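Listed here are the chains, written in short residue letters.
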Amino acid sequence: MYESLITGGTVRKLWVGETELYRQHLLHLDAESRRNRFGGTVSDEFIRRYAEPSALSGVVVYAFFVDGVLSGAAELRLLEHAGEAEAALSVERAWQSRGVETALLERVLLAARNRQIKRLHMLCLAENRRMQERARKFDAELGFQSGSVVGEVKSHVRRRCR
């Protein structure tokens, strides 16, 4: 499924053979966006290992493309506890706060619902206000743990209009 966004890009599921596009996106993130995505400073080597096809096995990735370039992504990773998963977002600076994060999060929530996920966990740094705002749009319960914010969204919840 391809869906056009007002910003001029499209969101679609990333296929297994496209993991290199995802890896290049993560490597292309500026320092702050990378830190926000991974909850701290990570090396290029860490990202290369993180985005290997074997490491992404079973992970659902939705990607935001502009003119064929992957500029944002959302991951859905199943957790050990049945009915639970983790969501993570990364959007290149030029596309932040333009509706891309919300569109990606909506897609991940739909994928979670389709997989019978009841609880979707999101972890972000305490200073990552943008991610906290996105989570609140979906009625996430936010709590603080060790300098991070943990958000929990029930996957059946739809976005609140603002």
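Residues numbered from 1 in each chain as written. Predicted model: local features only at pLDDT ≥ 70, side-chain atom pairs only at ≥ 80, totals over all residues. Heavy atoms only, no water.

Engineer: What is the right way to read the overall build of the chain from this model?
Structural biologist: When its secondary structure is counted, the chain shows 5 helices and 8 strands. In the chain, which comprises 162 residues, the share counted as buried stands at 49%. Sequence-distant contacts in the chain: of pairs separated by 6 or more residues, those separated by 24 or more amount to 58%. For the chain, the exposed area adds up to about 8,700 Å²; of that, 51% sits on carbon and sulfur atoms. (Helix = DSSP H or I, 4+ residues; strand = E, 2+ residues; numbered from the N terminus. Buried < 20%, exposed > 50% of the residue type's maximum accessible area, 1.4 Å probe, protein only. Contact = heavy atoms within 4.5 Å. Areas by Shrake-Rupley, 256 points an atom, 1.4 Å probe, with all protein chains shown as cover.)

Engineer: How should helix 4 (residues 100–114) be read in this particular structure?
Structural biologist: Three- or four-residue spacings in an α-helix give side chains the same orientation, since the helix completes a turn every 3.6 residues. Over its 15 residues, helix 4 extends 21 Å from the first C-alpha to the last, a length consistent with the 21 Å expected when each residue adds 1.5 Å. For helix 4, the set of buried residues is Val100, Glu101, Thr102, Ala103, Leu104, Leu105, Arg107, Val108, Leu109, Ala111 and Ala112. The positive-phi residue at the C-terminal boundary of helix 4 is Gln116, with phi of around 65 degrees. (Expected span 1.5 Å × (residues − 1).)

Engineer: Honestly, the side chain of Thr19 in this entry has me stumped. Any pointers?
Structural biologist: With respect to the helices and strands, the residue Thr19 is situated in helix 1 (residues 19–28). Of the residues examined, Thr19 reaches a relative accessible area of 13% and is grouped as buried. The residues touching Thr19, leaving out its near neighbours within four places in the chain, are Ala51, Pro53 and Leu56.

Engineer: Sorry if this is basic, but what is going on with the packing of aromatic side chains here?
Structural biologist: Centre-to-centre distance and the angle between the planes together describe a pair of aromatic rings. Counted according to the given criterion, the structure contains 4 aromatic pairs. With a centroid separation of 6.0 Å and 20 degrees between ring planes, the pair formed by Phe46 and Tyr50 is classed as stacked. In this pair, Phe46 and Tyr50 are both assigned in helix 3 (residues 44–50), 4 residues apart and thus about one turn of the helix distant. Aromatic pair Phe64 and Trp95: ring centres 5.3 Å apart, planes at 65 degrees, arrangement edge-to-face. (Phe/Tyr/Trp six-rings, centres within 6.5 Å; stacked < 30°, edge-to-face > 60°.)

Engineer: Help me out: how do you make sense of the pattern of salt bridges in this one?
Structural biologist: Proximity of charged atoms lets side chains of opposite charge pair with each other. What the rule picks out here adds up to 9 salt bridges. Linking Arg37 and Glu75 is a salt bridge whose minimum nitrogen-to-oxygen distance equals 2.7 Å. Here Arg37 is found in helix 2 (residues 31–38), whereas its partner Glu75 is found in strand 4 (residues 69–78), with 38 residues between them in sequence. In this structure Arg37 comes out as buried when scored by relative accessible area, which is 10%. Between Arg77 and Glu75 there is a salt bridge, and its shortest N-O distance comes to 2.8 Å. A residue is classified by how much of its surface remains accessible, and Glu75, at 1% relative accessible area, is buried. Because the salt bridges share partners, they merge into one network encompassing Asp30, Glu32 and Arg93. (Salt bridge = Lys/Arg side-chain N within 4 Å of Asp/Glu carboxyl O.)

Engineer: What's the story with the pairing of strand 5 (residues 84–91) in this structure? I'm lost.
Structural biologist: Across the 8 residues that make up strand 5, a large majority, 6, are buried. The antiparallel pairing of strand 4 with strand 5 creates a hairpin that spans 5 residues between the two strands, and Gly83 there sits at a positive phi of about 80 degrees. (Pairing = 2+ DSSP bridges.)

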